[in-house]
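Chain residues, written in single-letter form:
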Amino acid sequence: MTQPQPKPRAAGSAASGAGGTQPPEADRLRDMLRSPGYLKSLGLSALVGIPVSLAAFWFLVALHQLEHLMWATLPETLGWSVPPWWWPLVLLPVAGVVVALVVIHLPGAGGHVPAYGLQPGGATSKALPGVIIAALASLPLGATLGPEAPLIALGGGLALLFRELTRAPATPQGIVLLGSAGAAAAIAAIFGNPLIGAVLLMEVVGVGGPQLFAIMLPALLSSGVGALVFTGFGRWTGLDTASLRLNLTQPFPRLDAGDVVWSLLIALVIGVLVHYVFAAGRFLAVLVAAKTFRTTVLCALGAGVCAALYTVITGRTPEDVASSGQATMVQLSETPHAFGVGALIAVLVFKGAAFALCLAGLRGGPVFPTLFLGAAAGVLVAPLPGFGIIPGMAAGMAAASAAALRLPVSSVVLVVMLLGSISMVPVVILAAVVAFITTELLPPGPCVPARERHPQPAAATQQGRP
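No experiment lies behind these values; they were computed from the predicted model shown.

The rules behind each value
Residues numbered from 1 in each chain as written. Predicted model: local features only at pLDDT ≥ 70, side-chain atom pairs only at ≥ 80, totals over all residues. Heavy atoms only, no water. Axes fitted to C-alpha atoms, helices over the stretch in contact; angles between N-to-C directions. Helix = DSSP H or I, 4+ residues; strand = E, 2+ residues; numbered from the N terminus. Left-handed = near helix turned anticlockwise from the far one by under 90°. Contact = heavy atoms within 4.5 Å. Nonpolar A, V, L, I, M, F, W, Y, C, P; charged D, E, K, R; others polar. Parallel < 35°, antiparallel > 145°, perpendicular 65-115°, else oblique. Patch = residues over 30% accessible without salt bridge, like charges linked within 9 Å, V, L, I, M, F, W, Y side chains within 5 Å. Areas by Shrake-Rupley, 256 points an atom, 1.4 Å probe, with all protein chains shown as cover. Salt bridge = Lys/Arg side-chain N within 4 Å of Asp/Glu carboxyl O. Buried < 20%, exposed > 50% of the residue type's maximum accessible area, 1.4 Å probe, protein only. Expected span 1.5 Å × (residues − 1).

## Description of the packing of helix α13 (residues 367–381) against helix α14 (residues 389–405)
- Running from amino to carboxyl end, α13 crosses α14 at an angle of 145 degrees, the nearest separation of the two axes being 7 Å. For α13 against α14, the interelement crossing comes out right-handed. Note on element contacts: α14 touches α13 through Ile 389, Gly 392, Met 393, Gly 396, Met 397, Ala 400, Ser 401, Ala 404 and Leu 405, opposite Val 367, Thr 370, Leu 371, Gly 374, Ala 375, Gly 378 and Val 379.
- Of the residues that constitute the contact of α13 with α14, the class distribution is ten nonpolar, six polar and no charged.

Following this line, the structure appears as structure tokens:
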């Protein structure tokens, strides 16, 4: 019995390579784009962008309103125009208690440990309550963390919940695609740009070839749809989500040799400093994993002590330290001379220490505090001969972001987007590359197994024991 012969390939589809054969990667990509399952995933990704962007909108509104309540309305009601120095000593231990209880008792342990950077996997619909509670306890009460990691978990978890409600096939590829699409739609909300959501997820997932396109197309599609819904819904309600934007009041200078040389040098220094902040966070995370409740509360209290000492020394508000740094970075970009040299040094020291403690014990993302530390370092060294504030901030943010996240392309795109101009692109790229290489060459510091990074509830652990 003769075997059926394969059909000849159309002439127009042949590649120009040796022997006229098409590369296997291109064949797989073409077959994937034609498959009904992948086309269905693209359609679901477009639909997922709508509910995820609405959920992200209200989540960010809740964070913004709660933070304003805790750090502005409540102190003013009690008779203080700004929070007193001891204010973070009250709020942050409360955050530590709530987060510790979430980690011990709820599925998903409140999300990823931020000391290990942004992580795309692990988001489930069952983990969403713990993620939301931990974020609402950490961020408004003064954790030196940002909202991007909870947003990634929220978007991914909601996307998978959407798949369950629509009864879509639960294939491994479909779960990855839909989870990435939901995460990209959510992360695009806080950065105000769908492109950064797709690029960030591309580097976080860390895939290449046809698999890169398979992940990126749903992520980009969902980000674009989500950005349309998010922007329009915000204008309709008139509510503010405090998206990250910089308002640079100074004109962008022309880059010269001094800008380039100083950018390379400060990128090297910032890369080393940020690396050891995260190394300290990972070291403390090991201690937190061993004794969750006590060490979580102690980390939160330690962050409150850092904020209180900063206020006692500088006379400025403790919110400079006990926050993500988003609002303070906007103030820094508008009026960079409002911070004296002493205040800049103090905020770098105390916010860096509080950041390491919160990376280990609380829940949130590392992007916003990292960008603030880089911007503050850039303003501090801006008076150097031949340098300036805008090149200093651009190089500082790019170096800090690349060193912290280990995502150089995303760091460049993010900083250029924040600056709103391509005039600083050479400095941004050089700083990101130098800081990334510097960090990669340094000792990685302590690490713990994956199960320790995402601890399971105590009850589940007990049930799993013989």
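This is not the end of the story, as more comes after the structure.
## Describing the environment of Ala 377
- Within the secondary structure, Ala 377 sits in helix α13.
- In this view, Ala 377 contacts Ile 270 and Leu 348; residues no more than four positions away in its chain are not counted.

## Points about the packing of α14 against helix α15 (residues 408–419)
- α15 packs onto α14 with a crossing angle of 150 degrees between their chain directions and a minimal axis gap of 9 Å. As summarised for this structure, α14 and α15 are arranged roughly antiparallel, according to the angle between their axes. Two packed elements cross with a definite hand, and for α14 against α15 that hand is right-handed. Residue-level inspection shows Ala 394, Met 397, Ala 398, Ser 401 and Ala 402 of α14 in contact with α15, the latter providing Pro 408, Ser 411, Val 415 and Leu 419.
- When its residues are assigned to classes, the contact of α14 with α15 shows seven nonpolar, two polar and no charged.

## Concerning a nonpolar patch on the surface
- The grouping of Leu 74, Leu 78, Trp 80, Trp 85, Trp 86, Val 90, Leu 298, Leu 301, Val 305, Leu 309, Val 312 and Ile 313 at the surface amounts to a nonpolar patch, some 1,100 Å² of accessible area in total.
- It is helix α10 (residues 292–314) that provides the largest number of residues to the nonpolar patch, a total of six residues.
- Tracing the sequence through the fold places Trp 86 in the loop between α2 (36–77) and α3 (87–105).
- The class of Trp 86 is partly exposed, set by a relative accessible area of 31%.

## Describing α15
- Helix length check: α15, at twelve residues, gives a terminal C-alpha distance of 17 Å against a target of 16 Å (1.5 Å per residue), a fit within 8%.
- Restricting attention to buried positions, one finds in α15 the residues Pro 408, Ser 410, Ser 411, Val 412, Leu 414, Val 415, Val 416, Leu 418 and Leu 419.

## Quick notes on the pattern of salt bridges
- Going through the model one piece at a time under the given rule, you end up with two salt bridges.
- As a salt-bridge pair, Asp 320 and Arg 316 come within 2.8 Å of each other at their nearest N and O atoms.
- You can call Arg 316 partly exposed: its relative accessible area is 24%.
- For Arg 406, the salt bridge is made with Glu 440, and the minimal N-O distance between the two is 3.2 Å. Of this pair, Arg 406 sits in the loop between α14 and α15 while Glu 440 is found in helix α16 (residues 425–441), placing the two residues 34 residues apart along the sequence.
- Since its relative accessible area comes to 41%, Glu 440 is described here as partly exposed.

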